[in-house]
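Residue-level listing of the chains:
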Amino acid sequence: MVGLTRVATYFPRRRLERAHIAKAWGGRAAPGTRTVAAWDEDALTLAVDATLACLGDADPAGFDALYFASTSAPYLEKQVASVVATAADLPRAVATADFGGSIRCGVAALAAACDGVASGRLAHALVAAADVRLVEPGSELEAQLGDGAAALAVGREGVIAELVAAASVAEEFTYLWRTDEQRYVQVADARFGNQYGYARDVPEAVKAALRKAELPPAKVARLVLSAPDGRTAADAAKRIGVDAKVLEPGLAAEAGMLGSADPLVLLAKALETAQPGEFVVAAAYGEGADALVFRVTDAIAQRRPVPVAERLAGGIPVQSYERWLRARSVLPSEVAGELVSTYIEWRELKQDTRLYGSRCSACGMVQYPQAVVCQGCHAREGMVDHKLAKTGKVFTFTIDNLAQVPEHPMPMVIADLDGGGRIYLQGTDCADGDIDVDKPLRLTFRRLHEAAGNRNYYWKVRPA
């Protein structure tokens, strides 16, 4: 049996009221909010957070593949999957690949991971899909999109949803696009695209997958369609022959369309309440469509995903639309950066990206950065690598109002980590009162600064 063994979602903490967009550009305000990335977040950092949430208490050394899917990867030439795998402390022998080109790349990456495990080439694979798509301010897409991520583990043991069948269709149809010279996502005639692209390709792929599974549409308990809107999803369900009541509701009101992560987040949402034996179908669209049929197993009771509503709770409202545009560099901004050379990055990779400190074999003291002499008992031998926990609490902190960052105030935090070690990091995603002595924290992998045309990532702390 091959299928999903773990599923997790992640959303940036900031929420942009669509009323702010309407106020800036005129027109009717759509209800609800968008999830929007902070200035130090991108598809890579969201993927790391989702992957760490998916791993939970699992040993990263047990995974032999990680696939990253996104249409908004922060690099056009540099493999992001390798960065995510390193930050998650997966072994060097892991197979990695980036998927992109269309927002159905998340489902395509999941299908590839399942194929790899089914073939025997892979034992345990991870798929991380994330998007932070930029659109032109004031455009019709601006209020519709959201930022988010999902990560799924695939294997043969502890399967919560078995892959029963998969099918795809592919054909040129211009709907959403972004050329190599364009910064913002473009959209053709949306109504035409929904009626003659989405409504043709998605039902065709889903019906083909159901035929392979020898499953009549009436047996589908939950239908996950990443669709531009509810009406388009309902039309597709009708063409498939499935009652619209089994459609998993989208997240348009509270998050927006999440790009490559959208169908996987909705799949996680469907698994929150799915019962053993039920069939769940997930499909994604983009120059064709991919569809996957899953059968929920008894193991779902022991490993249900954390509810999406819980992941979305505790958002921070964006106070100023204009300042948010500047923080995302949509409006001109100048933020000083510090060049980190390739040599330093290579030398300190285990310490800074995999986040290992040192532990004294004599007295047991854990310290960071890594050291050759124990600060506690001054032993000069016996320091061993110690993987630091990603959780802890505030030891002390200060507020920096002068740092050259897009958002103030910026907490600088000394944190005591669970399992030992004390670390000094920037705080992020903090509202008033979130940072105080002894308050719980969680580490998050973020952009630290940019210089010389490149980006540097490092760990920060955010409220747990």
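Further up the page is the structure itself.
Notes on the structure follow.

Parameters at a glance
Residues numbered from 1 in each chain as written. Predicted model: local features only at pLDDT ≥ 70, side-chain atom pairs only at ≥ 80, totals over all residues. Heavy atoms only, no water. Helix = DSSP H or I, 4+ residues; strand = E, 2+ residues; numbered from the N terminus. Pairing = 2+ DSSP bridges. Axes fitted to C-alpha atoms, helices over the stretch in contact; angles between N-to-C directions. Buried < 20%, exposed > 50% of the residue type's maximum accessible area, 1.4 Å probe, protein only. Arc of directions from axis to C-beta. Polar contact = N/O pair within 3.5 Å; in protein donor to acceptor, adjacent residues only side chain to side chain. Core = buried A, V, L, I, M, F, W, Y, C linked by side-chain atoms within 4.5 Å. Contact = heavy atoms within 4.5 Å. Phe/Tyr/Trp six-rings, centres within 6.5 Å; stacked < 30°, edge-to-face > 60°. Lys NZ or Arg CZ within 6 Å of the ring centre and 35° of its normal.

So, unusual backbone geometry
A cis geometry characterises the amide bond from Tyr 368 onward to Pro 369, with omega recorded as 0°. Considering the arrangement of structural elements, one finds Pro 369 in the loop between β16 (366-367) and β17 (383-387). Phi is positive for Glu 287, which is not a glycine, with a value near 50°. Topologically, Glu 287 is positioned in the loop between β12 (279-285) and β13 (288-296). Not every positive phi belongs to a glycine, and Leu 355 is a case in point at roughly 60°. With respect to the element layout, Leu 355 can be found in the loop between α11 (349-352) and β15 (356-360).

Concerning the sheet that holds β13
With respect to topology, nine strands assemble into an open sheet ordered β5-β4-β6-β7-β1-β8-β13-β12-β11, the strand pairing being mixed. In this open sheet, the two strands that pair with only one neighbour each are β5 (95-99) and β11 (220-225). The average angle at which neighbouring strand axes cross in this sheet is 20°, direction not considered. As defined by bridge partners, strand β4 (residues 65-69) adjoins β5 across five bridges and the pair is classed as parallel. Opposite Leu 66, over in β5, you have Thr 96 as the bridge partner.

Some thoughts on helix α6 (residues 230-240)
Those residues of α6 that fall on the buried side of the exposure criterion are Thr 232, Ala 233, Ala 236, Ala 237 and Ile 240. Seen from one end, α6 has its buried residues packed into an arc of 140°, which puts them on one side. Residues of α6 that are exposed and angled more than 90 degrees away from the buried face: Arg 231 and Lys 238. The N-terminus of α6 is capped by Asp 229, whose side-chain oxygen sits 3.2 Å from the backbone nitrogen of Arg 231.

Considering the nonpolar core
One finds Leu 90, Leu 126, Phe 445 and Trp 459 to be the most contacted residues of the largest nonpolar core, which totals 50 residues. Among the elements that make up this core, the one with the highest residue count is helix α2 (residues 43-55) (eight residues). Non-local contacts of Leu 90, meaning those with residues more than four positions away in its chain, are made with Leu 55, Pro 60, Phe 63, Ala 65, Leu 66, Ala 85, Leu 126 and Arg 354.

Regarding the sheet that holds β17
Strand order in the open sheet formed by three strands is β16-β15-β17, with antiparallel pairing between adjacent strands. Every other strand in the sheet has two partners, leaving β16 and β17 as the edge strands with one partner each. Summarising the sheet, β15 and β17 pair through five bridges and their orientation is antiparallel. Note on β17: the bridge partner recorded for Arg 359 is Val 384.

Some thoughts on the side chain of Asp 49
Relative to the helices and strands, Asp 49 is located in helix α2. We classify Asp 49 as buried; its relative accessible area is 4%. Discounting chain neighbours no more than four positions away, the residues touching Asp 49 are Tyr 10, Leu 443, Thr 444, Arg 446 and Arg 462.

A word on the packing of aromatic side chains
Under the definition given, this model contains nine aromatic pairs. A ring pair is formed by Tyr 198 and Tyr 285, whose centres lie 5.3 Å apart and whose planes are at 65°; its orientation type is edge-to-face. Highlighted residues: Tyr 198 in helix α5 (residues 190-213) and Tyr 285 in strand β12, separated in sequence by 87 residues. Overall, Tyr 198 belongs to the buried group, its relative accessible area being 1%. Assessed through its relative accessible area of 7%, Tyr 285 is described here as buried. The structure contains a cluster of three or more aromatic residues connected by ring pairs, namely Phe 173, Phe 192 and Tyr 196. One Lys or Arg, Lys 390, reaches over the ring of Trp 459 and ends 5.1 Å from the middle of that ring. Positioned above the aromatic ring of Phe 395 is the side chain of Arg 422, whose terminal nitrogen or guanidinium carbon lies 3.6 Å from the ring centre.

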